[in-house]
Amino acid sequence: MPPQDSATTSSRSKITPEREQEFYQAVLQLLRESGYDALTMEGVASRSRCGKSTLYRQWGSKPQLVACALRGTRGGALTAIDTGNLSDDLREAAKALGAHSGRDTPLMHAISHAALQNRELLEALREGLLEPAAAAIDAMIARAVARGEVPAGHPALEFVAAQLIGALRVRPMLEGEYVDADYLVRFVEGAVLPGLGLART
């Protein structure tokens, strides 16, 4: 393990999971109150009652802290999904993604807008939030291919993660309503599964 990784692991080990969640909740509260641009490491430190140096030692920068807070409050729900068949995996993924919509959708829209102006934030979100979610969905697909549920060369496979993640942002703009678990499950059953040649039941 490289020295830098060792140092990071050492510093992270000093913070309990419960304390880490306190930091993440402080970040999300401040983001909801004032937006990304107004968020400061000083503000997070004050809200979470810690020294600013702790935040920099643990996360390095504001963009990294924000990306980790968004991912960390979702509990790795997608990576834990493995029902034994792709249709049910995608339904469970829809429920997990939908569970974090509603209250957090305006927050994600605001952060996405900020990311267009801030390359460091964009990279942090991509690496810390979007890529892990897409990788979890791709892992579901890889297991399904290995089981013979879907042929490896099926042209719709590469678009599944984009469909699920994209639906979270598109519905509020098109219909003025947030995506919830029920909507996303219906989206999976009505659009994603047929595209893969899988039955709804």
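A.B. asks: What should I look at first to understand the side chain of serine 48 in this one?
C.D. replies: Tracing the backbone through its elements, the reader meets serine 48 in helix H3 (residues 41-48). Assessed through its relative accessible area of 3%, serine 48 is described here as buried. With residues up to four places along the chain from it excluded, the contact list for serine 48 reads Arg19, Phe23 and Ala26.

A.B. asks: So what exactly am I meant to see when it comes to the environment of isoleucine 111 here?
C.D. replies: As for its placement among the helices and strands, isoleucine 111 is situated in helix H7 (residues 105-117). Isoleucine 111 gets classed as buried once you look at its relative accessible area, which sits at 1%. Along the chain, isoleucine 111 and tyrosine 36 lie 75 residues apart, while their C-alpha atoms are 6.3 Å from each other. Those residues in contact with isoleucine 111 that sit more than four places away from it in its chain are Leu31, Val66, Leu70, Leu121 and Leu125.

A.B. asks: Help me understand the pattern of salt bridges, please; the structure alone is not making it clear to me.
C.D. replies: Pairing is possible between side chains of opposite charge, provided their charged atoms come close. Scanning all chains against the criterion turns up 13 salt bridges. When the shortest N-O distance is used, the salt bridge between glutamate 42 and lysine 52 registers 3.0 Å. Here lysine 52 lies in helix H4 (residues 52-59) and glutamate 42 lies in helix H3, a separation of ten residues in the sequence. Assessed through its relative accessible area of 42%, glutamate 42 is described here as partly exposed. Among the charged side chains, a network of salt bridges with common partners joins Asp82, Asp89 and Arg143.

A.B. asks: How should I be thinking about the nonpolar core in this particular structure?
C.D. replies: A general feature of soluble globular proteins is that nonpolar side chains tend to end up buried together. Counting 32 residues, the largest nonpolar core has Leu78, Leu86, Leu90 and Leu196 as its most contacted members. Sorting the residues of this core by element identifies helix H6 (86-99), helix H8 (119-147), helix H9 (160-175) and helix H10 (181-196) as the ones contributing at least two each. In this view, leucine 78 contacts Ala93, Ala96, Leu97, Ala133, Ala136, Ile137 and Met140; residues no more than four positions away in its chain are not counted.

Reading the values: the criteria
- Residues numbered from 1 in each chain as written.
- Predicted model: local features only at pLDDT ≥ 70, side-chain atom pairs only at ≥ 80, totals over all residues.
- Heavy atoms only, no water.
- Helix = DSSP H or I, 4+ residues; strand = E, 2+ residues; numbered from the N terminus.
- Buried < 20%, exposed > 50% of the residue type's maximum accessible area, 1.4 Å probe, protein only.
- Contact = heavy atoms within 4.5 Å.
- Salt bridge = Lys/Arg side-chain N within 4 Å of Asp/Glu carboxyl O.
- Core = buried A, V, L, I, M, F, W, Y, C linked by side-chain atoms within 4.5 Å.

In short, shape yes, function no, at least from these values alone.
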